[in-house]
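# Structural overview
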Amino acid sequence: MAGQECEYPTVSSLFDQFLRLYEEIDKSDLPTNSDELQKKIKDTVAGLIKTTVLVSEVGVFSSNETLEELSTNSIKFLLLPVLLGSLTLKRTNIERMEVLRLSNIYFRDYITRCKQYGLTDVDLPPEPNNEDKEDEDDADKKRIARMPPKKGMPTPQELEAMARQREDKIRRFKEKKAMGERLNELRKALKNPSHDEEITRNYHIAMVKKFILDCLEELESVTMERNMLAEMAVMRMKGTLPDPEEAPKPKPLKPILITRDAMQKNVFGLGYPSLPSMTVEEFYDQRVREGWFPDPSKSQNCLQNRAAFGPDKEKEAIEREEAEKEAAEERDDPDKIAHERGMDEWRDTHKRGWGNTYNRS
């Protein structure tokens, strides 16, 4: 015990240092494959492995003790495997199947250790037993190759399994949310200089339980991805899936550009297969000449122009409209007469209020 008391401060400070690095990596905005982040992940993994070796040498954990027998400062060391598994999943400089294999070992070790101390009652599915001492990747490939292709609707047993899986996910989500709120409360309590050891102990236990929920989710994802990669490898061996290096590369997309003025047309039009032939203003003028759009220089009755009028110009525009109507009536304008006759015939067949019955008969 004297040796343990002497070693503990060093191991504890090392763990706290690498836990802070883990949190920085987890919250980082850098791309996962960036050199800076990968170097940080590699250094943190190496530090956590070193800490794990020190914890093993000190003999912190024992298979015949309970959680109550663990000291408050020792509980946080239970997190070592799950931290290593989570960081290993982020590594891109190792083959993906090897990354998944290592992460699976770390996560299963974490759940097993937590179950030993009564922190969870989860039963993990057994790992595939390689009786022929084959490599795990080859065992997965052969197991997938022997599986018959899935056809038809799911069976009632499969539907029940899906429903149970959904209920488990909902339950874990609620537990994770409650655990996050509990951790925030304990973090605030830890900032109080006069907090007692019980708060520190509860904080470490809450962290372990929170990582148990994260670990179960990661284990499901790792298992699914391992099966998918093994199935893809089998398909490549059978020749039904092309090698990604031999697959034809798609043609790059060509942008489509609409310019707003002549300068943009001259600049942005260069280099594209379809050069813009006119600007927006040129297109509008062409439509005006063809009779599609009104001529803004002649039309004074559009809403845009009327909105810019002052009170005097608005009054003049109204008087001009009335004068044009009177002049059209005096000279018996055929277009005006045809329009009014058409409106009279329409009123005879469409009584007032017919179009607003609100589904009433």
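Residues numbered from 1 in each chain as written. Predicted model: local features only at pLDDT ≥ 70, side-chain atom pairs only at ≥ 80, totals over all residues. Heavy atoms only, no water.

So, on to the overall build of the protein chain. A count of helices and strands for the protein chain gives 13 helices and zero strands. If you list the helices and strands of the protein chain from N to C, you get α-α-α-α-α-α-α-α-α-α-α-α-α. A separation of at least 24 residues holds for 60% of the contacts in the protein chain among residues at least 6 apart in sequence. Summing over all exposed atoms, the protein chain offers an accessible surface of approximately 26,400 Å²; the carbon and sulfur share of this is 53%. (Helix = DSSP H or I, 4+ residues; strand = E, 2+ residues; numbered from the N terminus. Contact = heavy atoms within 4.5 Å. Areas by Shrake-Rupley, 256 points an atom, 1.4 Å probe, with all protein chains shown as cover.)

Since there are 3.6 residues in each turn of an α-helix, residues three or four apart along the chain are aligned in direction. The end-to-end C-alpha separation of helix H8 (residues 197-238) is 61 Å, in line with the 62 Å expected for 42 residues at 1.5 Å each. Following H8 by one or two positions, Gly239 has its phi on the positive side, about 85°. (Expected span 1.5 Å × (residues − 1).)

On to the packing of aromatic side chains. Overall, the coordinates contain four aromatic pairs when judged by the stated rule. Ring geometry for Phe15 versus Phe77: centroids 5.6 Å apart, planes at 90°, classification edge-to-face. You can see Phe15 sitting in helix H1 (residues 2-27) and its partner Phe77 sitting in the loop between helix H3 (72-75) and helix H4 (80-89), a full 62 residues away along the chain. Both residues of the pair, Phe15 and Phe77, belong to the buried class. Centre to centre, the rings of Phe61 and Tyr117 are 6.1 Å apart; their planes meet at 65°, and the pair counts as edge-to-face. Of the two residues, Phe61 is situated in the loop between helix H2 (35-58) and H3 and Tyr117 in the loop between helix H5 (96-116) and helix H6 (136-146); the sequence distance between them amounts to 56 residues. We classify Phe61 as partly exposed; its relative accessible area is 21%. (Phe/Tyr/Trp six-rings, centres within 6.5 Å; stacked < 30°, edge-to-face > 60°. Buried < 20%, exposed > 50% of the residue type's maximum accessible area, 1.4 Å probe, protein only.)

It is worth spelling out the nonpolar core at this point. Generally speaking, a soluble globular protein has its nonpolar side chains buried in company with each other. Judged by nonpolar contacts, the single largest core of 49 residues is most densely connected at Leu79, Leu83, Tyr110 and Val208. Residue assignment for this core shows that the elements contributing at least two residues are H1, H2, H4, H5, helix H7 (156-190) and H8. Top contributing element to this core by residue count: H8, with eleven residues. What Tyr110 contacts, discounting residues up to four positions off in sequence, is Leu78, Leu79, Pro81, Val82, Val208, Phe211, Ile212 and Cys215. (Core = buried A, V, L, I, M, F, W, Y, C linked by side-chain atoms within 4.5 Å.)

This paragraph deals with the layout of surface pockets. Here the second largest pocket is characterised by a volume of approximately 420 Å³. Along the walls of the second largest pocket sit 19 residues, with Tyr22, Asp26, Lys210, Phe211 and Asp214 positioned nearest its centre. The set of elements that each furnish at least two residues to the lining of the second largest pocket consists of H1, H4, H7 and H8. Of all the elements, H8 adds the most residues to the lining of the second largest pocket, at seven residues. (1 Å grid on protein atoms, 1.4 Å probe; cavity = no way out; pocket = protein on both sides within 12 Å on 5 of 7 lines; lining within 4 Å. Points joined across faces, edges and corners; volume = space filled by probe spheres on them.)

By the secondary structure assignment, Thr51 is in helix H2. According to the relative accessible area criterion, Thr51 is buried, its value standing at 0%. Aside from chain neighbours lying at most four places away, what touches Thr51 is Val11, Leu14, Phe15, Phe18 and Leu80.

In this section: the side chain of Lys76. Secondary-structure assignment places Lys76 in the loop between H3 and H4. Polar side-chain contacts of Lys76 include one of 3.0 Å to the side chain of Asp16. Aside from chain neighbours lying at most four places away, what touches Lys76 is Ser12, Phe15, Asp16 and His204. (Polar contact = N/O pair within 3.5 Å; in protein donor to acceptor, adjacent residues only side chain to side chain.)

Another point: a nonpolar patch on the surface. Taken together, the side chains of Phe283, Tyr284, Trp292 and Phe293 make up a nonpolar region of the molecular surface, amounting to roughly 430 Å² of accessible area. Position of Phe293 relative to the elements: it lies in the loop between helix H10 (280-290) and helix H11 (303-307). (Patch = residues over 30% accessible without salt bridge, like charges linked within 9 Å, V, L, I, M, F, W, Y side chains within 5 Å. Salt bridge = Lys/Arg side-chain N within 4 Å of Asp/Glu carboxyl O.)

Attention now moves to the packing of H5 against H8. For the pair H5 and H8, interaxial distance at closest approach is 9 Å and the crossing angle is 145°. Seen along the crossing, H5 lies across H8 with a hand that is left-handed. Here H5 contributes Arg96, Met97, Leu100, Asn104, Phe107, Arg108, Tyr110, Ile111 and Cys114 to the contact with H8, which in turn contributes Val208, Phe211, Ile212, Cys215, Leu216, Glu218, Leu219, Val222, Glu225, Arg226, Leu229 and Ala230. Classifying every residue of the contact of H5 with H8 gives 15 nonpolar, one polar and five charged. (Axes fitted to C-alpha atoms, helices over the stretch in contact; angles between N-to-C directions. Left-handed = near helix turned anticlockwise from the far one by under 90°. Nonpolar A, V, L, I, M, F, W, Y, C, P; charged D, E, K, R; others polar.)

A contiguous patch of positive charge, built from Lys27, Arg187, Lys188 and Lys191, is present on the exposed surface. Counting through the fold element by element, Lys188 comes out in helix H7. Lys188 sits in the exposed class, given a relative accessible area of 63%. (Lys, Arg positive; Asp, Glu negative; His and termini not counted. Charge placed at Lys NZ, Arg CZ, Asp CG, Glu CD.)

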